[in-house]
Every structure is written in structure tokens, then in C-alpha cells.
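A structural walkthrough
Listed below are the residues making up each chain.
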Amino acid sequence: MNPPPDPGERELPEYPLEAFRREGLLAPSGAEPVAHDGTGRVQLSFTVEDKEAPPAQKQVRVPPGVSVFDSASWNGIAIDSTCGGHGTCHKCKVRVSPATAVTRHDTRTFTPAELEAGWRLACLVQATRDHEVVVPPLTTRPKAATVGVGRQVILRPAVQKRYVELTEPTLEDQRPDLVRLLDAIDDLEPSPDLYALRRLPGVLRQSDFKVTAVVVDQTLIDVEPGDTTGVRYAIAFDLGTTTVVATLLDLVTGTPVAVASMLNKQQPFGGDVISRISATMLDPAALGRLQDAAAQTLSTLAEQVCREGGVEPQHVYEAALAGNATMTSLALGIDPEPLGVAPFIQTTATPPVVLAAEVGLALHPGARLALFPALGAYVGGDIVAGMLATGMDRDKRVRLFIDVGTNCEIVLSDGERILSTAAPAGPAFEGGAIRCGMRAADGAIEVVKLEPEGSDVELSVIGDVPPRGLCGSGLVDAVAELVKVGLLDGSGRFVADEVAKELAPGLADRLTYIGQERVFVLHRDSVDADPAEGVFLSQRDVRELQFAKAAISTGWTLLMEELGLEHRDVQQVLLAGSFGSYLSAASAVRIGLVPKLPVLRIVPAGNVAGEGAKMALLSVRERTGALALLEEVTYVELSDRPDFNDRFVDLLAFPQ
């Protein structure tokens, strides 16, 4: 299917808006989001067309309410856009089946026949059910790209190329090769590195003095034969404690080429940063092994995205890395011990740009690696990248940013001031310390729904295979649903059997004991099966989640008090990180993990650390903006707050 013609090329007729409204296809107030209850998952099946290759297929699962454009962007699928997701550039054209409500921006973009065929603007389609989405080939080479949460970035990467045709030396013109090259480049004044100087004389003469200069920032890193200006790539890394994500970017178009992720190979040293810091303190050789593990992880991902994108590694000229302070230190081989003991001091808040080869990346020999600055030992470069991607310093709304994980980072802005803090949530969200806990892999229960009168428990399982365990989003759902039907009281205790039979008769028989511990059985092969052989939620699991959510809610509560805000003042909550983005908004509200707000104000933000890293590669202006955040954000240390413990205890209970 070819994309519909650009509306700028034809006169648009008047559209029968009332006819669309009668058919239930017109969104009642233009581009307002379709209401949803903030629970479950939807599956989007993308068919990505290419002018020069067969269509590519990709299926993704996202929380309801995420736009089709964001769902594509998070998963490395490029869709034309330049307006930042506001429906005004009319470029992000996709065909959606089943067709969704028609917005007024859609009616200005497509003919009635195209609308009936399912053509819509991807940024205005909110996925509230399973859809098939056809993405037409990219038609433009934009001057801007849309990344992050509706953030527009003007393309001005640090990697620049200039094609020049030079006059050959003569006895009358004996200028050095370097001078001859630089004289022909009138808008840049780079200094050469040694690799470029070694290549310069041979490449010039082998290519008849027709060459392309490759410049990163102010450094000439290579001279390539012929015109290679259309070949410029970079890799953005989100170096997480658990999961590492790499995105290969085409710097000419600003679009993602390939995305890959894998578990951090540092896992054997512990699942959290404290364990890995402790490993270096107990064994002097551990630092080198942790650095090697980080290098192997980054190198493996770089090889994978280059292979999937059909890009030669030597054409990748830059990389950016967003990670917390500990992960960044370990990747650079810097002793992290001062980060793990009071007063929690960083070696540097602004790591220098280094050669990519120094962290084990086999890219272009002159490729640079830019690392994000950090606000503190526990609000690191990944959060600075997230703030950059979400525009926390550019939005006048009251916004709360929460990166949910083992160490939960929180940022609150009232449009004038920005505060940040970190809360020790523990390993519950990653499956640690949970009896049937596991990471979000095949067999993990990710969605739970209960009805008090019904006997069935509705489960969504990753991979559509029999349940093997419970991942973080499933844990939150399970507890929230048990609170909703009354089987968990406000204190987090399972109710007595007689109360359970009265409140939820269809579910009461799932409350039982394993040994001396009270449990709720989520999955069992049969009614008579041993509960210990199934997937269950124990009383201790509930307590682990309570501790985690109390730490997080204490963090944002204290920040709100600092700014004199109440729950209702918050206009948007951004749930970030690989876990936060898949958390049910309704469940998060029900257990008190986030302020009590309408679910439409709670937005899954995706991998914003990775999005920030992409922005730093696409625009030197955005890279400067990341540094500016160090001056604009105030860090609030919770550990020395005298009221922290009292607030923590108060917030252990589930809201009633």
C-alpha cells in the first residue's frame, strides 16, 4: 500500500464531519485521547514498508493509551514526523486496522476514502485495543526528528561530513595536504587526530583528491574516498543495572535503524549497584572484571544493531551512554567505592568524552563516546537523559517523573523549580525477594484481573505460554486487584476466610497456606493441585511491595511538600524505565505508588534514558541542554530528613 498523497499537493474538500460522528468515528473534541481504564496490554502488529526491500514485520506490546507513534519510536520503527507529536505537520501517516476514531487533524490530512480505509496520523492514534499498523516508506530527509515524549529535536549532530574536490599539488602550490583540505572546508575548523593524518596522504591520491572529511565536534577523525556524506551513524546506549539497550541511529535522517537489548553481563556480581560496589571493595580484581563485563555487553549490542541495520561498524562515528553513576564508573574502570559509602561522592559529575574503543566498542577507530552528566551518586546520567527527553525544564505544567526500579529516581517540576531525589525501592519490581518472582520474560504474568463474583483469575502472560512466575507489573496488578476486591485490607494483610467468602466468594478458595504462610494462588494446573507447585502471591510478597511503594511515595510526597503542592495539582505523571513503562496506571494509583489522579494523567514514558542518549547524538544543542540541567535541578537527600521514617511508616498502608 502506497502512502496517500501529501495534502499540500492537492486542494482539500470539505469533509462530512457529522457523518463521521454518526458512525462513531469522530473524536468528540478533536485530538483528545480515547478514554481507557489504565489496565492491561495491547498488541500492535507493524508492517513497515520499504521502497527497496520486502516489508518488515514487528509485533510490540504496550500499555493502553500509548500513541502508535511512540510505540513505534520505542521499538526502533521510523515514522515521518517533524511537529513533535501534535498532529500539525501531517506527516506521520499510517494505516490502522481496525480503524480508530477520526480527529479533526485527520480530516485535514486525508480524503474520506482514505479515512474509511484506516489512514490516520500516528501521533494521534492511542492504542486502546490490538491493531495492525501499516507504516509507509520514509519520504523525506527531515531537518528535525521527534524523540522522547513528544520532543522535537533540530538535527545538528556533532558528526559532520564535508565532500570536497581539491586541486592537486604543484611546484607552485606546495601547501601541506592538511592545509589543502581545511582550506576547502569553509564552515568548519577542525583539528586532526593521528588516525586521520595517517590516512590523509594515501586517501587523497587514491581518490584523485575527491574526498569526504569526517568531523566529530572539532576533530577531524577521518578522510574517506569519494562522496560518503549520506553515510553517518551513531549508537545510543541506555546502560541499565539489569538491562542494556542500544539504538543505531541514521544521523542524516534522525531515524532509528535498529534496536537491541540484553541483560547486563555484570549480573553475576549482584542485581543492584550496592552489590557491585561491594564486590569491588571485597576483591580488588573485581573492578577489572566488572569493566570487562560492561565492555562485552556494549560490544555485543553494537555488533547486533549494526548487523540488523546492515551498517558497517566503521561507519559509526559516535556513541552516547546514559547510565547511573555506578554503571558509568564501572564502564570507565573508575573505582565506585566512594559512591557506596556516606557521604556518597562521585569522582566527577561530568565525565569526559572518550574514545569508544576505551570502553570496548569496535566502531570507527576515531569514534567518540559521550557520557551523560549526573546530579548525584543516586540520580545519575540516566535520569538527566530522562529529564532531557521529557523536557522537564521546558514545560510549565506541574509534572512528576518517576523511574521505577531497584533504586527509584524521582523528579518534580512546578514549571519554575525542579527537584529530584532517589528512593531505595528494593528488588521487588525486578522479581527479587518475591517467592514466584521473575523478570519480564516468557512465562511471566504481566497483567492480573479479578472479579469478586467470578472464580477465574484473568491473566496475561508474556509469550502466551503457561505461567511460570510473576514479573513486576504483574505483582503490582495482583496486589491492586486483591485490594480492590477486598481480599487484602488497608494494612496489607490477607483477610480471614469467612470475610473472604463474604466479599469474594468466587475467589475465596484461592486463599490458602503454604507451610505457615498465607498465600493467594494465581495459577494452578487444577483445583486439587499443590499450591506450592503453582504461581502464588504470599503475605511476605505483599510486604515487599509495600516497602517499595512506601519508599517511592515518601519520595514524591516530600518533594511535593517542598514545592507546596497537593496531589490534584499534578498535571502529568511520567512512569519511566523498562518496568515503569509497563506498569498499569490504575494499579499504581490503587496501591498508592503514584498520586491519586485520573489515569489519563499518568503516562508511560518509555525508555527515556535511551531517548535522551539519542537526542544527545542528534543535536549538540540538546547535549548542551543536558549540562545545563545540573544548574537547574536541586537534589533533595532523603536519608538525612528527620521526617522520612515517619512518612514512610504512614505510607505503608494501601489507600482506602
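Rules behind the numbers
Residues numbered from 1 in each chain as written. Predicted model: local features only at pLDDT ≥ 70, side-chain atom pairs only at ≥ 80, totals over all residues. Heavy atoms only, no water. Helix = DSSP H or I, 4+ residues; strand = E, 2+ residues; numbered from the N terminus. Buried < 20%, exposed > 50% of the residue type's maximum accessible area, 1.4 Å probe, protein only. Contact = heavy atoms within 4.5 Å. Areas by Shrake-Rupley, 256 points an atom, 1.4 Å probe, with all protein chains shown as cover. Pairing = 2+ DSSP bridges. Axes fitted to C-alpha atoms, helices over the stretch in contact; angles between N-to-C directions. Parallel < 35°, antiparallel > 145°, perpendicular 65-115°, else oblique. Nonpolar A, V, L, I, M, F, W, Y, C, P; charged D, E, K, R; others polar. Expected span 1.5 Å × (residues − 1). Phe/Tyr/Trp six-rings, centres within 6.5 Å; stacked < 30°, edge-to-face > 60°. Polar contact = N/O pair within 3.5 Å; in protein donor to acceptor, adjacent residues only side chain to side chain. Lys, Arg positive; Asp, Glu negative; His and termini not counted. Salt bridge = Lys/Arg side-chain N within 4 Å of Asp/Glu carboxyl O. Core = buried A, V, L, I, M, F, W, Y, C linked by side-chain atoms within 4.5 Å. pLDDT = per-residue confidence, 0-100.

1. Description of the overall build of the protein
A tally of helices and strands in the protein yields 19 helices and 29 strands. Per-residue burial for the protein yields a buried fraction of 57% across its 656 residues. A fraction of 67% describes how many contacts in the protein between residues 6 or more apart in sequence connect residues 24 or more apart. Only carbon and sulfur atoms are counted for the fraction: they give 50% of the accessible area of the protein, which is about 27,100 Å².

2. Description of the pairing of strand S24 (residues 511-514)
Where S24 and strand S25 (residues 517-523) come together, four bridges link them in antiparallel fashion. Bridging from a neighbouring strand, Leu511 pairs with Phe520 of S25. Between the end of S24 and the start of S25, which pair antiparallel, lie two residues, with Gly515 showing a positive phi angle near 70°.

3. With respect to the packing of helix H8 (residues 286-309) against helix H9 (residues 325-332)
Look at H8 against H9: their axes get within 7 Å of each other, and the N-to-C directions meet at 95°. Relative to H9, the element H8 lies roughly perpendicular. Side by side, H8 and H9 meet where Leu287, Leu290, Gln291 and Ala294 of the first sit next to Leu330, Ala331 and Leu332 of the second. Residues of the contact of H8 with H9, tallied by class, amount to six nonpolar, one polar and no charged.

4. Side note on helix H6 (residues 194-206)
Think of an α-helix as 3.6 residues a turn; residues three or four steps apart then line up on the same face. For H6, spanning 13 residues, the distance from its first C-alpha to its last is 19 Å, which sits close to the expected 18 Å at 1.5 Å a residue. Listed as buried for H6 are Ala196, Leu200, Val203 and Leu204. Where H6 is buried, its residues meet helix H5 (177-184), strand S10 (210-216) and strand S11 (219-225). Phi turns positive one or two residues past the end of H6, at Asp208, with a value near 55°.

5. Here's the deal with the sheet that holds strand S12 (residues 233-239)
The sheet built from six strands is open, its strands ordered S14-S13-S12-S15-S17-S16 with mixed pairing. The sheet is open, and its two borders are formed by strand S14 (255-263) and strand S16 (354-355), each paired with just one other strand. Note that S16 and strand S17 (residues 368-371) share two bridges and pair antiparallel. Within S17, the position partnered with Leu355 by the bridge is Arg368. Along the sheet, H9 contacts S12, strand S15 (316-323), S16 and S17; its crossing angle with S15, the most-contacted strand, is approximately 135°.

6. Some remarks on the packing of aromatic side chains
Aromatic ring pairs are defined here through the distance separating the ring centres and the angle between the ring planes. Counted by the stated rule, this structure contains four aromatic pairs. A centroid spacing of 5.9 Å and a plane angle of 75° characterise the contact between Phe344 and Tyr378, whose relative ring orientation is edge-to-face. On the criterion of sequence distance, the pair formed by Phe344 in the loop between helix H10 (337-340) and S16 and Tyr378 in the loop between S17 and helix H11 (381-390) is long-range, its members being 34 residues apart. Consider the rings of Phe547 and Phe648, whose centres lie 6.4 Å apart with planes at 20°: the pair is stacked. With Phe547 in helix H14 (residues 539-562) and Phe648 in helix H19 (residues 644-650), this pair connects stretches of sequence that are 101 residues apart. You can call Phe547 partly exposed: its relative accessible area is 40%.

7. Observations concerning the packing of H5 against H6
In a pair of packed helices, the angle between the axes and the distance between the axes together describe the arrangement. For the pair H5 and H6, the least separation of the axes is 10 Å and the interaxial angle reads 80°. As far as their axial angle goes, H6 and H5 are roughly perpendicular. For the pair H5 and H6, contact is made by Asp177, Leu178 and Leu181 and by Leu197, Leu200, Pro201, Leu204 and Arg205, respectively.

8. Overview of the environment of Gln304
By the secondary structure assignment, Gln304 is in helix H8. When its relative accessible area of 23% is taken as the criterion, Gln304 is described as partly exposed. Linking Gln304 and Ser261, residues 43 residues apart in sequence, is a C-alpha distance of 9.3 Å.

9. A closer look at the sheet that holds strand S19 (residues 407-413)
The strand order across the open sheet formed by six strands is S28-S27-S18-S19-S20-S29, and the pairing between neighbours is mixed. Unpaired on one side and paired on the other, strand S28 (602-606) and strand S29 (633-635) mark the two borders of the sheet. Direction aside, the axes of adjacent strands within the sheet are offset by 25° on average. Judged from the five bridges that link them, strand S18 (residues 399-403) and S19 form a sheet pairing that is antiparallel.

10. Here's the deal with the environment of Gln57
Turning to its location among the elements, Gln57 is positioned in strand S2 (residues 53-62). Separated by twelve residues in the primary sequence, Gln57 and Ser45 place their C-alpha atoms 7.3 Å from one another. Setting aside anything within four residues of it in sequence, one finds Gln57 in contact with Phe46 and Thr47. Within polar-contact distance, the side chain of Gln57 engages the side chain of Thr47 at 3.0 Å.

11. Some points on the side chain of Thr328
Inspection of the secondary structure puts Thr328 in helix H9. Apart from the residues within four sequence positions on either side, Thr328 is in contact with Leu321, Gly323, Pro351 and Leu371.

12. Here we look at the side chain of Arg276
Here Arg276 lies in helix H7 (residues 273-282). Although buried, Arg276 forms no salt bridge, and the nearest oppositely charged side chain, Asp272, lies 6.8 Å from it. Residues contacting Arg276, with those up to four places away along its chain left out, are Thr241, Asn264, Gln266, Gln267, Phe269, Gly270, Gly271, Leu290, Met327 and Leu330.

13. Some remarks on the nonpolar core
Residues Ile235, Phe237, Leu361, Phe372 and Met387 are the most contacted members of the largest nonpolar core, which totals 79 residues. Not counting residues within four places of it along the chain, the set of residues in contact with Phe372 comprises Leu321, Ala322, Pro351, Gly381, Val384, Ala385, Leu388, Gly612, Ala613, Ala616 and Ala626. Counting 77 residues, the second largest nonpolar core, distinct from the first, contains Leu450, Leu575, Val636 and Leu638.

14. Digging into the confidence of the model for the protein
Averaged over all residues, the pLDDT of the protein is 86; the fraction at 70 or higher stands at 89%. Taken together, the stretch residues 140-146 has pLDDT below 50 and engages in 29 contacts with residues farther than four places along the chain or on a different chain.

15. Notes on unusual backbone geometry
Both trends apply: most residues other than glycine have a negative phi, and most peptide bonds are in trans. A cis amide bond, omega -5°, links Ser97 with the succeeding residue Pro98. Take Pro98: it is sitting in the loop between strand S3 (93-97) and helix H3 (104-109). Cis geometry is found at the peptide bond from Ala342 to Pro343, where omega equals 10°. Relative to the helices and strands, Pro343 resides in the loop between H10 and S16.

16. Describing helix H18 (residues 620-632)
The end-to-end C-alpha separation of H18 is 19 Å, in line with the 18 Å expected for 13 residues at 1.5 Å each. Residues Glu622, Arg623, Gly625, Ala626 and Leu629 constitute the buried set of H18. Two or three places before Arg621, at the opening of H18, Ser619 has a side-chain oxygen 3.2 Å from that residue's backbone nitrogen.

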